[in-house]
Amino acid sequence: MFILAIETSCDETAVAVVKFQGSGHRILANIVSSQVKIHAKYGGVVPNLASRMHLKNIIPCIIEADRFASRGYQRGRTRKSVRVDPRSYPRLSASTNIDLIAVTIGPGLIPALLIGTNTAKALAYAWDKPIIGVNHIEAHIYANFVGIRRNNADKNAEITLKGSASNRRIDQRRFSGIFPALCLVVSGGHTQLILTKGHGKYKLLGETRDDAVGEAFDKVAKLLNLGYPGGPAIAAKAAKFKIENLKFKIDLPRPMIHSKDFDFSFSGLKTAVLYLVKDGVATFTSRSDRSLKAATPSICASFQQAVIDVLIAKTIRAAKEVKAKTVMLAGGVAANKELRRQFKKAIKEELPNTCYLIPDTQYCTDNAVMVAVAAYYRLLHNKPQTWKDIEANANLRIA
Ligand code: KG4
Ligand code: ZN
C-alpha cells in the first residue's frame, strides 16, 4: 500500500510517500520545505505568512515527492528548499499508484492547516482515492513507529523491533507488547502526557497549563537574542556551557515538579529568565560572568536542565502509576540531545523493565512521514474517509 501524506500545521510544508508492505515500510519520499528563515525575521511563526508560503510550496513539494517516489528509495532524504521546474508539473505519475491520502487536519494554525487539508481533498477528489485526516499529536507519537515492523501475525497489531537502534530499547526476550504505553509529547504548541492502551486509544493524563515546552524555549531564546527557533539555539549554548565545563550555575525553579497531578507549567520559568535579564545578571552571577553575553550559556544550560528535570520526573512518576510497558518521547523538543540522553538514562535506572522509544531526530520536528505512519495504523481501527468528510480543526484534541 502506498500512502501520500501531507503536513502543513505550522511552518513546514511536508509531503511524504511511504510504501507499506508485509509488516514493514519504506520511505520513498520525505520532502520538508521549512519556512524557518522567513518567520525568523518576526521572532516567531506569522500564521497568514505561513499560509501563503504553504500555498506557494505545496504543489512543488508534491511534485518533488512524486519524483523521489518514482525514482525509488531515498533514505531519509530531505530538502530544505524546493525549487521545481514548472515543465515537470504534468508528471504526478505516482498518483496512479497511491492507495491512500493522509493529511494533518489539526491541531495547528488554521490558515496553515487549510492549505494542506484542501490540497489533500482536491487530490482525493481528482484521483478518486480514499483519505484519512490525521491528528498532529498522534502523528508525532507515530514518529516512534517509523522504521519499526508491525507483526502481521499478531491480531492485536503489536509491533516488533528489528535490530536495536540506540534510541530504542525493547528487550526481545521479555517483550510482551508495546501497550500500555506512556507518551510525553513536547512540541512548539503542546506539552502532554498521554496514555495509550492500543493503537488509536488515548487518555490525556496531563498537559501544560500555560506555555508549551517548545514555546518556552522559543520565548527564552528571544529574551536572550538568540533568534528563532529557540530550541536548537538554546541547546547549542547549553552544550557550550557543558563543554567548557563552566562552574557557574544559575538556580531556576522547577515548576510543578512536586504537584500530585501530571500537569505542567512553563511560563514561570520563562519569567524567571526575564527577571534575570531585566535586573541584570550581575546580581546573580559570579565576577567573571557579569555581562549577559557571558552569562548566556549558563542561563541556557540552567533553563534547559530545569525543563528536563520537570519533564522526566513527571514522566517517570506517571509511567510507574500506569504500569507502562513502554515510554515514548515525541514532538519537536524531542530532538533535544540532552533530553534524549537523560530520558533514556532515567528509564534505564528507574524503570529497568520498561521499554523506551525515541524517534530519530529527523522525525521529531514536523514531517509527513509520521503522518503516513499514523494513517496506516489508523486503518487498523478506522475506515478510510472520502474527501467530503475532511475538515481542518485548529483545536482538535487527541482525547
Ligand atoms: O513539533 P514541532 O516541529 O512543531 C510543533 O508541532 O509545534 O516543534 C517545534 C518546536 C519549536 O518550539 C522548537 O524550538 C523546538 O520544537 N525544538 C527544540 C529543539 N529542536 C526543535 N527544542 C529544544 N531543543 C531542540 N534541539
Ligand atoms: Zn509538530
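Keep in mind the model is a prediction, meaning the values are calculated, not measured. (Residues numbered from 1 in each chain as written. Chains lettered and ligands numbered in written order. Predicted model: local features only at pLDDT ≥ 70, side-chain atom pairs only at ≥ 80, totals over all residues. Heavy atoms only, no water.)

**Observations regarding the overall build of the protein chain**
Condition: In this text, helices come from DSSP runs of H or I with a minimum length of four residues, and strands from runs of E with a minimum of two, each type numbered from the N-terminal end. For each residue, the accessible area found with a 1.4 Å probe, counting protein chains only, is set against the maximum for its type, and the residue is called buried under 20%, exposed over 50%, and partly exposed in between. Note on contacts: a residue pair is in contact if any heavy atoms of the two residues lie within 4.5 Å. All accessibility values rest on the Shrake-Rupley procedure with a 1.4 Å probe; residue burial counts only the protein chains present in the view.
A count of helical and extended segments in the protein chain gives 10 helices and 13 strands. Looking at the protein chain as a whole, 56% of its 399 residues are labelled buried. Restricting the contact set of the protein chain to residue pairs at least 6 apart, pairs at least 24 apart contribute 73%. Surface summary for the protein chain: the accessible area is close to 17,700 Å², and the carbon and sulfur share equals 51%.

**Concerning the pattern of salt bridges**
Two side chains with opposite charge may pair up if their charged atoms get near one another. Test applied: Whenever a carboxyl oxygen of Asp or Glu lies within 4 Å of a side-chain nitrogen of Lys or Arg, that contact is scored as a salt bridge.
According to the stated counting rule, one finds 13 salt bridges in the structure shown. Linking Lys-320 and Glu-350 is a salt bridge whose minimum nitrogen-to-oxygen distance equals 3.4 Å. Here Lys-320 is found in helix H8 (residues 292–322), whereas its partner Glu-350 is found in helix H9 (residues 337–350), with 30 residues between them in sequence. The class of Glu-350 is partly exposed, set by a relative accessible area of 43%. Measuring nitrogen to oxygen at the nearest pair gives 2.9 Å for the salt bridge that ties Glu-338 to Arg-341. Here Arg-341 and Glu-338 lie together in helix H9, a separation of 3 residues that amounts to about one turn.

**Topic: the pairing of strand E2 (residues 12–21)**
Selection rule: Strands are labelled as partners when DSSP assigns at least two bridges between them.
Burial analysis of E2 places 8 of its 10 residues in the buried class, which makes it a mostly covered element. Hairpin connection from strand E1 (residues 2–7) to E2: 4 residues lie between these consecutive antiparallel strands. Here 10 bridges tie E2 to strand E3 (residues 24–34), and the two strands are oriented antiparallel to one another. Along E3, the bridge assignment pairs Phe-20 with His-25. Taking the residues between adjacent antiparallel strands as the criterion, E2 and E3 are bridged by 2 residues, where Gly-22 takes a positive phi near 60 degrees.

**Focus: the site of ligand 1**
Spelled out, the test is: It suffices for a single heavy atom of a residue to lie within 4 Å of a molecule or strand for the residue to be listed as near it. Polar contact is defined as a pair of N or O atoms within 3.5 Å, subject to the rule that within protein one atom must be able to donate a hydrogen and the other to accept it, and that residues adjacent in sequence are counted only when both atoms are side-chain atoms.
Among the 18 residues in the neighbourhood of ligand 1, the closest are listed as His-140, Gly-188, Asp-218, Gly-231 and Asn-336. With respect to ligand 1, the side chain of His-140 contributes an N or O atom lying 3.0 Å from an oxygen atom. Between an oxygen atom of ligand 1 and a main-chain N or O atom of Gly-188, the distance comes to 2.8 Å. Protein contact buries 89% of the 560 Å² of open area that ligand 1 shows by itself. Mapped by element, the contributors of at least two residues to the shell around ligand 1 are helix H4 (136–142), helix H5 (213–223) and helix H6 (230–243).

**Some remarks on the nonpolar core**
Where we set the bar: Definition used in this section: a nonpolar core is a set of buried Ala, Val, Leu, Ile, Met, Phe, Trp, Tyr and Cys residues joined via side-chain atoms within 4.5 Å.
Ranked by size, the top nonpolar core spans 51 residues in total, and within it Phe-303 and Leu-311 carry the most contacts. Listing elements by their share of this core, those giving two or more residues are strand E9 (181–186), strand E10 (191–198), H5, H6, helix H7 (267–278), H8, strand E12 (326–330) and H9. Per-element accounting of this core gives the leading share, 14 residues, to H8. Excluding residues that lie within four positions of it along the chain, Leu-311 makes contacts with Leu-184, Val-186, Thr-191, Val-213, Phe-264, Phe-266 and Leu-339.

**Digging into the pairing of strand E5 (residues 131–135)**
Note on strand geometry: in a regular strand, side chains alternate between the two faces of the sheet. Where we set the bar: Whether a crossover is right-handed comes down to one check: with the strands pointing away from the viewer, does the path from the first strand over the helix to the second run clockwise; if it does, it is right-handed.
Counted residue by residue, E5 has 5 buried out of 5 residues, so it is predominantly covered. A two-sided burial pattern is seen for E5, the buried positions comprising Ile-131, Gly-133 and Asn-135 on one face and Ile-132 and Val-134 on the other. With 5 bridges connecting them, strand E4 (residues 100–106) and E5 associate as parallel partners. Its bridge partner lying in E5, Val-103 is registered against Gly-133. Each parallel crossover has a hand, and the one from E4 via helix H3 (residues 110–127) to E5 is right-handed.

**Some thoughts on helix H2 (residues 47–71)**
Because the α-helix completes a turn every 3.6 residues, residues three or four places apart line up on one side. Applicable threshold: Multiplying 1.5 Å by the residue count of a helix minus one yields the expected span of that helix. A residue's bend is simply the angle between two axes: one fitted to the seven residues ending at it, one to the seven starting at it.
Taking 1.5 Å as the rise per residue, H2 with 25 residues should run 36 Å; its terminal C-alpha atoms sit 34 Å apart, in good agreement. The largest bend along H2 measures about 40 degrees and falls at Asn-57, with the proline Pro-60 one to four residues further on.

**Looking at the side chain of His-54**
On the secondary structure map, His-54 appears in helix H2. With relative accessibility at 0%, the residue His-54 sits in the buried group. Residues contacting His-54, with those up to four places away along its chain left out, are Thr-8, Cys-10, Asp-11, Glu-12, Thr-13, Gln-35, Ala-112 and Ile-115.

**Observations regarding the confidence of the model for the protein chain**
In plain terms, the rule: Per-residue confidence from the predictor is given as pLDDT, running between 0 and 100.
Per-residue pLDDT for the protein chain averages 87, and the proportion of residues at 70 or more is 83%. For the stretch residues 152–157, pLDDT sits under 50, and the model shows 6 contacts to residues farther than four places along the chain or on other chains. Below a pLDDT of 50 lies the segment residues 285–289, which in the model reaches 9 contacts outside its immediate sequence neighbourhood of four places, other chains included.

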